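Fold and geometry: a report
Chain by chain, the residues:
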Amino acid sequence: MKRSKYIALIMIVTLLSACATIPQESVDLSSEVGIGIQKQHQSQIDLINLHFSLNRNNLDAAMQNSLNSYFAALTPSNSITLNKAQLGDIAEDVLLINKKNNTAKEELEKARVLLIKKLSNNYLILSQANSSVTGLLQSAVTIKEARSEVYKKLSEATDGRIDLGKVFSELDDFVLNNGEKAEKGIKLVEKLQTILDKESK
C-alpha cells in the first residue's frame, strides 16, 4: 500500500515535471523565428512587386517603340499630309496598340495577384504553425513557473520535512535520460522512497 502511494506521487510529479527542460529562451527564439518568417514574406512580396513593375515598364516601352515605328513608316520624310479618313485610321491603329498594351498589363497583374496569393497562403500556414509552437512553448514555461510555485507550497506544507528538490531532481534526471532507465523503474521508486523516508525521520 505504501509503495502504491509512492508510485502515485511519482506519476503526479512526473506530469508536473514534463516541462522542466524548456527555458524562456526557447519561447524568445520561436518568436524571433516568427518575425523572420514575416520579414521573409514581406521581402518576397516586395521582390515580386518590383519584378512586375519592371515588366509593366517594359510593356510601356514596347508600346512606345511600336508607336515610333508606326509613325516612322507613315512619315519617311518627316512630313505628311493626311485627310480626315486617314487621321481616323491612324487613331484606330494607335488605340489598338494601346489596347494590346493594356490587355498585356492586365494579364501581368493577374499573374502578380496569383503569385502573391500563393505566397500569402504559404506564409499564413507557416505563421500559424510558428504561433502554435510559440504558444505551446510559452505554456510550457508558464507551467514550469507554476510548478515551481507548487513545489514551494508543498515543501512549506511539510514544514521542510520532505525535500521535493531532491525528489524532482531524481525525476528530471530520469526524464532527461529519455526513459532509458524505464526498465529499472522500481529502482527509481526505491530511490524516491529512500529520500522520503530519510526526510520523515
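The shown structure was predicted, so the numbers you read here are calculated from the model rather than taken from an experiment. (Residues numbered from 1 in each chain as written. Predicted model: local features only at pLDDT ≥ 70, side-chain atom pairs only at ≥ 80, totals over all residues. Heavy atoms only, no water.)

1. Concerning the side chain of Asn130
Following the sequence through the fold, Asn130 ends up in helix 3 (residues 84-157). Classification of Asn130 by relative accessible area gives buried; the value is 13%. Excluding residues that lie within four positions of it along the chain, Asn130 makes contacts with Ser30, Val33, Gly34 and Ile37. (Helix = DSSP H or I, 4+ residues; strand = E, 2+ residues; numbered from the N terminus. Buried < 20%, exposed > 50% of the residue type's maximum accessible area, 1.4 Å probe, protein only. Contact = heavy atoms within 4.5 Å.)

2. Considerations on the packing of aromatic side chains
Within this structure, the stated rule accounts for one aromatic pair. With a centroid separation of 5.4 Å and 80° between ring planes, the pair formed by Tyr70 and Phe71 is classed as edge-to-face. With relative accessibility at 37%, the residue Phe71 sits in the partly exposed group. (Phe/Tyr/Trp six-rings, centres within 6.5 Å; stacked < 30°, edge-to-face > 60°.)

3. Details of the confidence of the model for the chain
Any residue range with low pLDDT should be treated as having predicted coordinates unsuitable for detailed reading. Averaged over every residue, the pLDDT of the chain is 75; residues scoring 70 or more account for 64%. Per-element averaging of pLDDT across the chain places helix 1 (residues 2-17) at the bottom with 46 and helix 2 (residues 24-74) at the top with 87. Contacts from residues 1-13, a stretch scored under 50 in pLDDT, to residues over four places away or in other chains number 16 contacts. (pLDDT = per-residue confidence, 0-100.)

4. Some points on the pattern of salt bridges
Summed over all chains, the structure comprises four salt bridges. Salt-bridge contacts for Glu109 lead to Arg56; the nearest nitrogen and oxygen are separated by 3.8 Å. With Glu109 in helix 3 and Arg56 in helix 2, this pair connects stretches of sequence that are 53 residues apart. On the basis of relative accessible area, Glu109 is assigned to the partly exposed category, the value being 29%. By relative accessible area, which is 28% here, Arg56 ends up partly exposed. Among the charged side chains, a salt-bridge network with shared partners connects Arg56, Glu109 and Arg112. (Salt bridge = Lys/Arg side-chain N within 4 Å of Asp/Glu carboxyl O.)

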